[in-house]
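# Geometric and topological summary
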Amino acid sequence: MPSPVPLSFNFVLFVAIAALTGLAMSLVVGLLIVAALLPRGHPAADRLRQIAGELPRFALAGAIWIPAVAFVGVIAFFALV
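We now turn to the structure provided with this report. (Residues numbered from 1 in each chain as written. Predicted model: local features only at pLDDT ≥ 70, side-chain atom pairs only at ≥ 80, totals over all residues. Heavy atoms only, no water.)

Turning next to the packing of aromatic side chains. Taken as a whole and assessed by the stated rule, the structure comprises 1 aromatic pair. A centroid spacing of 5.5 Å and a plane angle of 65° characterise the contact between Phe77 and Phe78, whose relative ring orientation is edge-to-face. On the accessibility criterion, Phe77 (51% relative accessible area) is exposed. With relative accessibility at 57%, the residue Phe78 sits in the exposed group. (Phe/Tyr/Trp six-rings, centres within 6.5 Å; stacked < 30°, edge-to-face > 60°. Buried < 20%, exposed > 50% of the residue type's maximum accessible area, 1.4 Å probe, protein only.)

Next up on the list: the environment of Phe71. Mapped onto the fold, Phe71 is located in helix 2 (residues 43-80). With 44 residues separating them along the chain, Phe71 and Leu27 place their C-alpha atoms 28 Å apart. (Helix = DSSP H or I, 4+ residues; strand = E, 2+ residues; numbered from the N terminus.)

Function cannot be inferred from these measures alone, as they are strictly geometric.
Dropping the structure here:
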């Protein structure tokens, strides 16, 4: 049975999730590089490492919410039409 949602809409969701994942990965790498440049025991370096450790969880939560928000938007669109 074909998907009730057009492929173009699924592609937009995929691109949004892929962009969020790429942004999160580059941000983690950037934070860890900056933390590596700071001396050991530096409070800012420790905080950057902590943020880099928590960032994937926030990115995953955002990636999970993208299809849910899009689904609600589509339902609201069809309710108004």
